[in-house]
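Okay, here's what each chain looks like letter by letter:
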Amino acid sequence: MKHFTIVGNWKMHQTPEQAVRLVARLQEKAKPRTHVTSVLCPPFVSIPAVKAEIQDDLFKLGAQNLNEKDEGAFTGEVSGAMLKELADYVIVGHSERRHYEHETDKRIAKKVAAALRNGLTPILCVGEKLSDKQDGHTRRVVVDQLQGGLSQITGAEIGKVIVAYEPVWAIGTGESAAPDQVEPVVNVIRQTIEEMFGEAASGSLEILYGGSVSPDNVKAYLVIEHINGLLVGGASLNFEQFTAIMDTAASISDGR
Ligand code: PGA
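Right, let's walk through the structure included here. Remember, predicted model here, so these are calculated numbers, not experimental data. (Residues numbered from 1 in each chain as written. Predicted model: local features only at pLDDT ≥ 70, side-chain atom pairs only at ≥ 80, totals over all residues. Heavy atoms only, no water.)

### Things to note about the overall build of the chain
Right, so step 1: Of regular secondary structure, the chain possesses 11 helices and eight strands.
Right, so step 2: Computed over the C-alpha atoms, the radius of gyration of the chain is 17 Å, within 12% of the 18 Å expected from 2.2 N^0.38 for a compact globule of 256 residues.
Right, so step 3: Along the three orthogonal principal directions, the C-alpha set of the chain runs to about 50 × 45 × 35 Å.
Right, so step 4: The buried share of the chain, taken over its 256 residues, is 53%.
Right, so step 5: Partitioning the intrachain contacts of the chain with sequence separation of at least 6 by distance along the chain shows that 73% fall at a separation of at least 24.
Right, so step 6: Total accessible area on the chain stands at roughly 11,500 Å², and carbon and sulfur atoms take up 48% of it.
Right, so step 7: Each charge class in the chain can be summarised by its mean position, and for the 26 positive and 33 negative side chains these summaries are 2 Å apart. (Helix = DSSP H or I, 4+ residues; strand = E, 2+ residues; numbered from the N terminus. Rg over C-alpha atoms; globule rule 2.2 N^0.38 Å. Buried < 20%, exposed > 50% of the residue type's maximum accessible area, 1.4 Å probe, protein only. Contact = heavy atoms within 4.5 Å. Areas by Shrake-Rupley, 256 points an atom, 1.4 Å probe, with all protein chains shown as cover. Lys, Arg positive; Asp, Glu negative; His and termini not counted. Charge placed at Lys NZ, Arg CZ, Asp CG, Glu CD.)

Here it is, written out as structure tokens:
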């Protein structure tokens, strides 16, 4: 039986009131999905409201970012030490933070370490830009981001990390990557983890795909052998679409 992790990244959408309404709708339609872990990642300010609304452990909570320090004079920042009271997961190194906030692999590595130090599961995002893909540099970019982002952790900690492969050109564009483009990159990720942390770590690593996932294409990704779930942006804001994605994951998982 394959287990899937389906993560909804709400980005800078959903005020606390809107978030409560969205969760209520998601729960109205929810049925037990035994082999699926569904994770909601609201903006920081909406996390407490969502936490209060979640019933019967139907959803886990995640944040979209964290600071690499646990506390201090860092105006406007939020730490893993704060998030751990509210959430179980945290997205680290999303391409929107790499590009708009100029996050480097070095800083991302510190954030991954901060997440683990605080008992949060980091979801490390890696992926190439369109120009990297056109220049044939996908492999190099993904390997560099993995080696950089995971440079501060030990072999004992890699088992608590999730990696999300998100080709930047597929994010929010409606232009999802074809499954036969995703599979070789997923293999590169496993191979890199094997080189860094050994075969057992590579075999048990959870790898998600993200980038314009929708109810129409979800199945094609989940049947890829080495994919363990999805990181969903736009479609996670629509309760019918996100429900359909979680239900498809549950049915594929049951059929395996
Ligand atoms: P998208 O976003 O599903 O809207 O393409 C994915 C992501 O940014 O995680």
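### As for the site of the ligand
Right, so step 1: What surrounds the ligand is a group of 14 residues, the closest being Lys 11, His 94, Glu 166, Gly 172 and Ser 212.
Right, so step 2: Here Gly 172 contributes a backbone N or O atom positioned 2.6 Å from an oxygen atom of the ligand.
Right, so step 3: Taking Gly 233, its main chain carries an N or O atom lying 2.8 Å from an oxygen atom of the ligand.
Right, so step 4: Its residues assigned to classes, the shell around the ligand comprises five nonpolar, seven polar and two charged. (Near = heavy atom within 4 Å. Polar contact = N/O pair within 3.5 Å; in protein donor to acceptor, adjacent residues only side chain to side chain. Nonpolar A, V, L, I, M, F, W, Y, C, P; charged D, E, K, R; others polar.)

### Examining the packing of helix α7 (residues 138-149) against helix α8 (residues 179-197)
Right, so step 1: Running from amino to carboxyl end, α7 crosses α8 at an angle of 40 degrees, the nearest separation of the two axes being 10 Å. Classified by the interaxial angle, the pair formed by α7 and α8 is oblique. As for the relative orientation of α7 and α8, their crossing is right-handed in sense. Of the residues in α8, those touching α7 at Thr 138, Arg 139, Val 142, Val 143, Leu 146 and Gln 147 are Val 185, Val 188, Ile 189, Gln 191, Thr 192, Ile 193 and Met 196.
Right, so step 2: The residue makeup of the contact of α7 with α8, split by class, is eight nonpolar, four polar and one charged. (Axes fitted to C-alpha atoms, helices over the stretch in contact; angles between N-to-C directions. Parallel < 35°, antiparallel > 145°, perpendicular 65-115°, else oblique. Left-handed = near helix turned anticlockwise from the far one by under 90°.)

### Some points on the side chain of Asn 118
Right, so step 1: The residue Asn 118 is located in the loop between α5 (105-117) and β5 (121-126) in this model.
Right, so step 2: Residue classification places Asn 118 among the buried residues on the basis of a relative accessible area of 8%.
Right, so step 3: Separated by 3.0 Å, the side chains of Asn 118 and Asp 70 make a polar contact.
Right, so step 4: Setting aside residues no more than four positions away along its own chain, Asn 118 makes contact with Asp 70, Gly 80, Ala 81 and Lys 84.

### Regarding α7
Right, so step 1: In a regular helix each residue adds 1.5 Å, so 12 residues correspond to 16 Å; α7 covers 16 Å between its end C-alpha atoms and thus fits that length.
Right, so step 2: Looking at α7, one finds that the buried residues are Thr 138, Val 141, Val 142, Val 143, Gln 145, Leu 146, Gly 148 and Gly 149. (Expected span 1.5 Å × (residues − 1).)

### What to know about the pattern of salt bridges
Right, so step 1: Overall, the coordinates contain 10 salt bridges when judged by the stated rule.
Right, so step 2: For Arg 97, the salt bridge is made with Glu 103, and the minimal N-O distance between the two is 2.6 Å.
Right, so step 3: What makes Arg 97 partly exposed here is its relative accessible area of 22%.
Right, so step 4: Through salt bridges that share partners, Glu 68, Glu 77 and Arg 107 make up one connected network. (Salt bridge = Lys/Arg side-chain N within 4 Å of Asp/Glu carboxyl O.)

### Details of α8
Right, so step 1: With 19 residues, α8 extends 26 Å from end C-alpha to end C-alpha; this agrees with the ideal 27 Å at 1.5 Å per step.
Right, so step 2: Those residues of α8 lying buried are Val 182, Val 185, Val 186, Val 188, Ile 189, Arg 190, Thr 192, Ile 193 and Phe 197.
Right, so step 3: At the exit of α8 stands Gly 198, carrying a positive phi of roughly 100 degrees.

### Things to note about the packing of aromatic side chains
Two descriptors summarise a pair of aromatic rings, namely the distance from one centre to the other and the angle between the planes of the rings.
Right, so step 1: Here the structure, examined in full by the defined rule, presents two aromatic pairs.
Right, so step 2: Geometry around Trp 169 places Lys 133 over its ring, the cationic atom sitting 4.2 Å from the centre. (Phe/Tyr/Trp six-rings, centres within 6.5 Å; stacked < 30°, edge-to-face > 60°. Lys NZ or Arg CZ within 6 Å of the ring centre and 35° of its normal.)

### Topic: the sheet that holds β5
Pairing between the strands of a sheet comes from backbone hydrogen bonds, and it takes one of two forms, parallel or antiparallel.
Right, so step 1: Taken in spatial order, the eight strands close into a barrel running β1-β2-β3-β4-β5-β6-β7-β8, and their pairing is parallel. Each strand of the sheet is rotated relative to its neighbour by a mean of 25 degrees, with strand direction disregarded.
Right, so step 2: Bridging between strand β2 (residues 36-41) and strand β3 (residues 60-63) involves two bridges; their strand directions are parallel. Looking at β3, one finds that Leu 40 is bridged to Leu 61.
Right, so step 3: Here α7 sits on the sheet in contact with β5 and β6 (162-165), set at roughly 150 degrees to β5. (Pairing = 2+ DSSP bridges.)

### Notes on unusual backbone geometry
Right, so step 1: One non-glycine residue, His 102, adopts positive backbone phi at about 55 degrees.
Right, so step 2: Inspection of the secondary structure puts His 102 in the loop between α4 (95-100) and α5.
Right, so step 3: Looking at His 102, the relative accessible area reads 63%, which means it is exposed.

### Remarks on the environment of Ile 47
Right, so step 1: Looking at where Ile 47 falls in the secondary structure, it is placed in helix α2 (residues 47-53).
Right, so step 2: Expressed as a C-alpha distance, the spacing of Ile 47 and Gln 241, which sit 194 residues apart in the sequence, is 21 Å.
Right, so step 3: The contacts of Ile 47, once residues within four sequence positions are left out, are Pro 42, Leu 61, Gly 62, Ala 63, Leu 83 and Leu 86.

No statement about biological role is implied by the geometric values presented.
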